[in-house]
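Architecture and fold: a report
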Amino acid sequence: MQVRQLHPWPTTVAEAESIQDRLRERVELAGPDTFTLVAGLDVHYHGDDRLTAAVVVLDAASLAPVARAVVHGRAAFPYVPGLFAFREVPALVEALEELSVTPDLLVCDGYGLAHPRGFGLACHLGVLTGLPSLGVGKTPFVGRHETPAAERGAWTPIVHDGVTVGRALRTQDGVKPVYVSQGHRISLDTATEQVLRLATRYRLPEPIRHADHLARHPE
């Protein structure tokens, strides 16, 4: 698949924040609600800067793997809170471009709107690819939320600066919630439904579980 080159990769914090501010205006918060191919994206670090980026595409109905890609490299930007996407997006873009198919939905290990500047990794990849995207965080990042009820499917809104930016979602009975936020071309209701549908047995949705395993064990 092809990914649009909408900006040069930044070398300074000011450049990175300017890119986020400019691309944030392109985020769309509505889109399709059914998907045929869903891709999980994850990055595994080896030490401070060496990384492996993995993308695994699953059939949305059967959750069987359809395609995958792995890229080894180094983080493309220093660690700066709120600018973490710039460390990982270049390698993830490279992996996406190696895919033999184009997915209908990107399920990212990270955040979308639930981000200090309202433009996390899921938003960034969604805008660059033009594909619907969502973020699934393992820990809360910004905003406040109440603890959702213990049963699968329970959720509470994540509110940041008076705006709902995501949901704390219980994907399995009694497990810790995950933190779902829109990336691009998807509603919050659809993002929540997709994460719940894709988390068939475990806390994390299957596309991210597959990508995490591939990033850790690329051979």
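Refer to the preceding data block for the structure.
How each quantity is defined
Residues numbered from 1 in each chain as written. Predicted model: local features only at pLDDT ≥ 70, side-chain atom pairs only at ≥ 80, totals over all residues. Heavy atoms only, no water. Axes fitted to C-alpha atoms, helices over the stretch in contact; angles between N-to-C directions. Helix = DSSP H or I, 4+ residues; strand = E, 2+ residues; numbered from the N terminus. Parallel < 35°, antiparallel > 145°, perpendicular 65-115°, else oblique. Left-handed = near helix turned anticlockwise from the far one by under 90°. Contact = heavy atoms within 4.5 Å. Buried < 20%, exposed > 50% of the residue type's maximum accessible area, 1.4 Å probe, protein only.

**Examining the packing of helix α2 (residues 85-97) against helix α3 (residues 121-129)**
At a closest axis distance of 10 Å, the pairing of α2 and α3 adopts a crossing angle of 40°. Relative to α3, α2 is oriented oblique. When you trace α2 past α3, the crossing you get is right-handed. Facing A85, F86, E88, V89, L92, V93 and L96 of α2, the residues of α3 in contact are L121, H124, L125, L128 and T129.

**Thoughts on unusual backbone geometry**
Both trends apply: most residues other than glycine have a negative phi, and most peptide bonds are in trans. Phi at L63 takes a positive value of approximately 65°, unusual for a residue other than glycine. Among the secondary structure elements, L63 is positioned in the loop between β2 (50-59) and β3 (65-74).

**Concerning α3**
Counting buried positions along α3 yields nine of nine residues, so the element is predominantly enclosed. Of the residues making up α3, those classed as buried are L121, A122, C123, H124, L125, G126, V127, L128 and T129. Check the buried side of α3 and you find it contacts α1 (13-24), β1 (37-46), α2, β4 (105-109), β5 (133-137) and β8 (178-184). One or two positions beyond α3, positive phi appears at G130, with a value near 80°.

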